[in-house]
Amino acid sequence: MKKIISVITALSLACTGFISYRTSFPDETAVQAVAVSEGKVRIHVSEELSATNGMFTVTYNPEKIKIDESIVLNEALSGTMNVVNTQTAGKIVICFASAKAVTISEYIAELSFTSLTVEAADTSDLFTLNVDELITLDADGTEKDVPAKNIGISLAEPAPEFIFGLKDQTDDNIEISFDISENPGITNGVFTMKYDTSLLEFESGTSGSIFENAFFEINESEPGIIKIAFLSNETITNKGTAATIVFKCKKEGTAKINLTANELDNIDKDGNTLSYYVPEQSASVPVKANTVSSPAVEITASESEKNSAYISISENSGITNGIFTVKYDTSVLEFKSGTPCELFEGALCEINESEPGVIKIAFISNSPVTLNGNAVKLDFEAKKSGTAELNLTINELADISQTGESHSFNIPDSLWTIEASADSEVSVTTPAVTSEPTVSETTADTTTEPSVTTVPPVTEQPDITTSAPAGTTTAYIVSDPMECDINDDEVVTTADLIKIMQVILSQIPASECPSADINKDGYVNILDFIAVRKIFLG
C-alpha cells in the first residue's frame, strides 16, 4: 500500500511538470526524422509485459513539433490510476499505478503530431523516450524492476505496410510470401514468422525483389520460428515482394502463421534513425496435405485366354510395394497359378494360395513403378458353370522413398463377379461394389490396428494376414547388419529377402521364423522387408 501511495504522489508531481521521481532506466531510445510532416508515434512494446507501476517521459522540440493533446493509452491501462501530463512544452509524462499487475501488449501510448517547419524532417531529435520507472509488486509487497529492453518509441504512421499470405500451393508444398505495399523508406529490419509445426515444415526461404541489393538472411532458429533479417547501405523505397518462404505440407488442416517486425528502421548516412512500429499480422492458410491421387486397382477378364483374369492398376502416380488378397468362390473356381505381368517387371513379386479360396500377392520394387496396365495374371479352372465372386482387398499399397519415408494409399475392398463356365472362358462383369479410393493423410503407427484386417503378433498366430496400416511411416534403421540374417547363414542375401516375403505371404508360419520381425514390433510385414532390403542394397 505504501508503494501505491508513493506512485500517486509521483502522479501529482507529474501534473505540475516537476519530474524527479526515479531514473532506474537511464538509457534512452531516440527516433530521428528522415522525412515526416505528420503522423503518429507509439511507445511500443515488442514483447508482452506485466507491471503494477510505470512512468515514461517523451521529449521533443516544441519549436518544430506540435503534439495533439488527445493521447491514446492502451486499453489495458483503463482500469489503473493514470495521468498524462502535456503542460510542459517539449515534454510528455505518462504514469500509471495499479493494485495488481496489468498485462500490456503492442503499445503503451500513441501520440499524434504535426511538423511546424519544413526543417523538422531533417532534425536529429524528433522524439526521445526515457523509461523512468517500470516495476511490479509481489504478493508480499516486494518490488521488482521490469526489464525495459522491449520498450521503445517508434513511428506508427506513416510506416511500411506488409501483406502476407498464401502465394502458391502444389501437391507437397505451399509458398508464403510477404509484400511491402507502402514503403516510406527502410534500411534494415528483423522479422519473426511463427507457424504451426503439426501441419507445416520449413523447407527454404528466399529474398524478394526489393532486397536484391541488400544483405538478406533467413533461417529457422527453432522448429516453428523463422527469423528474417535484411540490411541495406541505401534507403529502400521499392514496393513488392520482401521474402518467399516454402513449407512442406505434413497433413491437411488450416495453419495459422504470425509475422512480427522485431525491428524496422531507416538509418540515414549521418546515423540518424527513424524507427517504425508495425503491428503483428496473422494469416490462416489452408493446407492440402499431399494430394497425390490414389491408384485405381481392379480385376479384368482376359479376352484371349480361357479361365484367366488380371489385376490391373491405373491412375498410377508411383508405387514401390504392396500386398493384395483375392478371395474367390471355391465351389465354382479352383486357383491354378499366378504370374507377374509387365507392370511388375523388375520388381520382386510373390503369388500363392495361402489357403483354399485365398490368394496372396505381394510385390516390392527398388524404384517407384509408375506404369499403368496389368500387374498380375490369375489362372483358374472352372469347376462348374455359374457366377463366382472375387473379393479384392488392398492390404498395403505405398510409395516408399530411398530415405524410408512412405506415402501410403488406403483403398477400400471391391467385389467383382465372374461368369464361369466349365467349357468356356471366364469373364469379369462390372464390379458389384465400388467406392472411390482415398489417400491416407495421417501418420501410421506400426503398433496400431490396421485399417483393413487385424495383424496378429508374430508369437500368437502362424499366419500374417496383412501389413502395417495405411499412412506415413518411417523405415526401421538397422544398427547391426546381421539382424537381417534371417536364415542364419552369416550373410545377408536375397535368400533373406525371400524368406521374409514367404512369411508375409503365409508360406512359412510367422511362429517358425521369429527372426523375420526385424523391428520387433510384433508383426512381419513390408517394413521388415524394407529394413533388410536397405542393408542388402547398401
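Small disclaimer: the values here were computed from a predicted structure and weren't measured.

Rules of the game
- Residues numbered from 1 in each chain as written.
- Predicted model: local features only at pLDDT ≥ 70, side-chain atom pairs only at ≥ 80, totals over all residues.
- Heavy atoms only, no water.
- Helix = DSSP H or I, 4+ residues; strand = E, 2+ residues; numbered from the N terminus.
- Buried < 20%, exposed > 50% of the residue type's maximum accessible area, 1.4 Å probe, protein only.
- Contact = heavy atoms within 4.5 Å.
- Areas by Shrake-Rupley, 256 points an atom, 1.4 Å probe, with all protein chains shown as cover.
- Salt bridge = Lys/Arg side-chain N within 4 Å of Asp/Glu carboxyl O.
- Core = buried A, V, L, I, M, F, W, Y, C linked by side-chain atoms within 4.5 Å.
- Pairing = 2+ DSSP bridges.
- Phe/Tyr/Trp six-rings, centres within 6.5 Å; stacked < 30°, edge-to-face > 60°.
- Lys NZ or Arg CZ within 6 Å of the ring centre and 35° of its normal.
- Axes fitted to C-alpha atoms, helices over the stretch in contact; angles between N-to-C directions.
- Polar contact = N/O pair within 3.5 Å; in protein donor to acceptor, adjacent residues only side chain to side chain.
- pLDDT = per-residue confidence, 0-100.

Engineer: Is there a simple way to think about the overall build of the protein in this case?
Structural biologist: A count of helices and strands for the protein gives three helices and 31 strands. Every one of the 538 residues in the protein was classed for burial, and the buried ones make up 50%. Taking the contacts inside the protein whose residues are at least 6 apart along the sequence as the reference set, 76% of them involve residues at least 24 apart. About 24700 Å² of surface is accessible on the protein, with carbon and sulfur atoms providing 47% of the total.

Engineer: I'm lost on the pattern of salt bridges in this one. Help?
Structural biologist: Oppositely charged side chains can form a pair if their charged atoms are brought close together. Per the stated rule, a full pass over the model turns up six salt bridges. Residue Lys 239 is joined to Glu 182 by a salt bridge in which the shortest nitrogen-to-oxygen separation is 3.7 Å. Of this pair, Lys 239 sits in the loop between strand 15 (225–236) and strand 16 (240–249) while Glu 182 sits in strand 11 (residues 173–182), and the two are 57 residues apart along the sequence. Residue Glu 381 is joined to Lys 336 by a salt bridge in which the shortest nitrogen-to-oxygen separation is 3.5 Å. Of the two residues, Glu 381 is situated in strand 26 (residues 373–382) and Lys 336 in strand 23 (residues 333–340); the sequence distance between them amounts to 45 residues. On the accessibility criterion, Glu 381 (38% relative accessible area) is partly exposed. Here the residues in one salt-bridge network are Lys 40, Arg 42 and Glu 110, joined through shared partners.

Engineer: Help me understand unusual backbone geometry, please; the structure alone is not making it clear to me.
Structural biologist: Leaving glycine aside, a negative phi is the common case for residues, and trans is the common case for peptide bonds. One non-glycine residue, Glu 106, lies in the positive phi region at around 70°. Tracing the sequence through the fold places Glu 106 in strand 6 (residues 91–115). Its relative accessible area of 38% is what places Glu 106 among the partly exposed residues. In this structure, Glu 315 is a non-glycine residue whose phi angle is positive, near 50°.

Engineer: What exactly am I supposed to notice about the nonpolar core here?
Structural biologist: Note that soluble globular proteins tend to have their nonpolar side chains buried in a common cluster. Residues Phe 127, Ile 151, Phe 178, Met 193 and Phe 247 are the most contacted members of the largest nonpolar core, which totals 71 residues. It is strand 6 that provides the largest number of residues to this core, a total of nine residues. One finds Val 297, Ala 309, Ile 311 and Ile 418 within the second-largest nonpolar core, a separate group that totals 36 residues.

Engineer: Got a minute to help me understand the environment of Ile 176 in this structure?
Structural biologist: Mapped onto the elements of the fold, Ile 176 is located in strand 11. Given a relative accessible area of 0%, Ile 176 falls into the buried group. Sequence separation between Ile 176 and Gly 205 is 29 residues; the distance between their C-alpha atoms is 9.3 Å. Setting aside residues no more than four positions away along its own chain, Ile 176 makes contact with Phe 164, Gly 165, Leu 166, Lys 167, Met 193, Ala 243, Thr 244, Ile 245, Phe 247, Ile 257 and Val 285.

Engineer: I keep staring at the pairing of strand 24 (residues 348–355) and nothing clicks. Help me out?
Structural biologist: The two faces of the sheet receive side chains in turn, since in a regular strand these alternate between them. Two elements, strand 24 and strand 25 (residues 358–369), share seven bridges in a ladder whose sense is antiparallel. In the sheet register, Cys 349 faces strand 25, and the bridge partner there is Phe 363. Turn length for the strand 24-strand 25 hairpin, with the two strands adjacent in sequence and antiparallel, is two residues, and the turn residue Gly 357 shows positive phi of about 90°.

Engineer: What should I look at first to understand the packing of aromatic side chains in this one?
Structural biologist: Remark: the centre distance and the inter-plane angle together describe each pair of aromatic rings, the angle taken between the planes. Scanning the model with the defined rule gives 14 aromatic pairs in all. Ring geometry for Tyr 60 against Phe 127: centres 6.2 Å apart, planes inclined by 45°, an arrangement best described as tilted. Of this pair, Tyr 60 sits in the loop between strand 2 (38–59) and strand 3 (65–67) while Phe 127 sits in strand 7 (residues 127–137), and the two are 67 residues apart along the sequence. Each member of the pair, Tyr 60 as well as Phe 127, is classed as buried. Aromatic side chains Phe 324 and Phe 363 sit 6.3 Å apart centroid to centroid with 55° between the ring planes, which places their arrangement in the tilted category. Separated by 39 residues along the polypeptide, Phe 324 in strand 22 (residues 319–328) and Phe 363 in strand 25 bring together distant segments of the chain. On the accessibility criterion, Phe 363 (0% relative accessible area) is buried. In this structure an aromatic cluster arises from ring pairing among Phe 162, Phe 178, Phe 191, Phe 211, Phe 216 and Phe 230. Note that Arg 42 overlies the ring of Tyr 107, its terminal NZ or CZ placed 4.0 Å from the centroid.

Engineer: Got a minute to help me understand the sheet that holds strand 10 (residues 161–169) in this structure?
Structural biologist: Strand pairing in a sheet relies on backbone hydrogen bonds, with the paired strands running either antiparallel or parallel. Taking strand neighbours across the sheet as the criterion, the four strands line up as 10-11-16-13 in an open arrangement whose pairing is antiparallel. The open sheet has two edge strands, strand 10 and strand 13 (200–207), and neither has a second partner. Taking each pair of neighbouring strands and ignoring which way they run, the sheet shows an average axis angle of 25°. Both strand 10 and strand 11 contribute to a ladder of eight bridges, which runs antiparallel. Paired with Asp 168 across the bridge in strand 11 is Glu 175.

Engineer: Is there a simple way to explain the sheet that holds strand 20 (residues 296–301) in this structure?
Structural biologist: The antiparallel open sheet is built from four strands, whose spatial order is 20-21-26-23. Both edges of this open sheet fall to strand 20 and strand 23, since each of them pairs with a single strand only. Looking at each pair of strands side by side, their axes are set apart by 25° on average, direction ignored. Pairing between strand 23 and strand 26: seven bridges, direction antiparallel. Following the sheet pairing, Thr 339 is matched in strand 26 by Lys 377.

Engineer: Looking at this structure, I do not really get the pairing of strand 22. What am I missing?
Structural biologist: Most of strand 22 is tucked away, with nine of its ten residues classed as buried. With eight bridges joining them, strand 22 and strand 25 adopt antiparallel strand pairing. Note on strand 25: the bridge partner recorded for Asn 321 is Ile 364. The pairing of strand 22 with strand 27 (residues 386–400) spans eight bridges and is antiparallel. Across the sheet, residue Thr 325 finds its bridge partner in strand 27, namely Thr 393.

Engineer: Help me out: how do you make sense of the side chain of Thr 393 in this one?
Structural biologist: Structurally, Thr 393 is set in strand 27. A polar contact of 3.3 Å, which involves the side chain of Thr 393, links it to the side chain of Asp 413.

Engineer: Looking at this structure, how should I read the confidence of the model for the protein?
Structural biologist: It should be kept in mind that the predicted coordinates are not to be read in detail where pLDDT is low. A residue-level look at the protein finds 77% of positions with pLDDT of 70 or above and a mean pLDDT of 77. Looking at the elements of the protein, mean pLDDT is at its lowest for helix 1 (residues 2–16), recorded as 39, and at its highest for strand 23, recorded as 93. Long-range and interchain partners of residues 1–35, a stretch whose pLDDT sits below 50, account for 89 contacts in this model, where long-range means more than four residues apart. Between residues 120–124, whose pLDDT stays under 50, and residues either more than four places distant or in other chains, the model counts 13 contacts.

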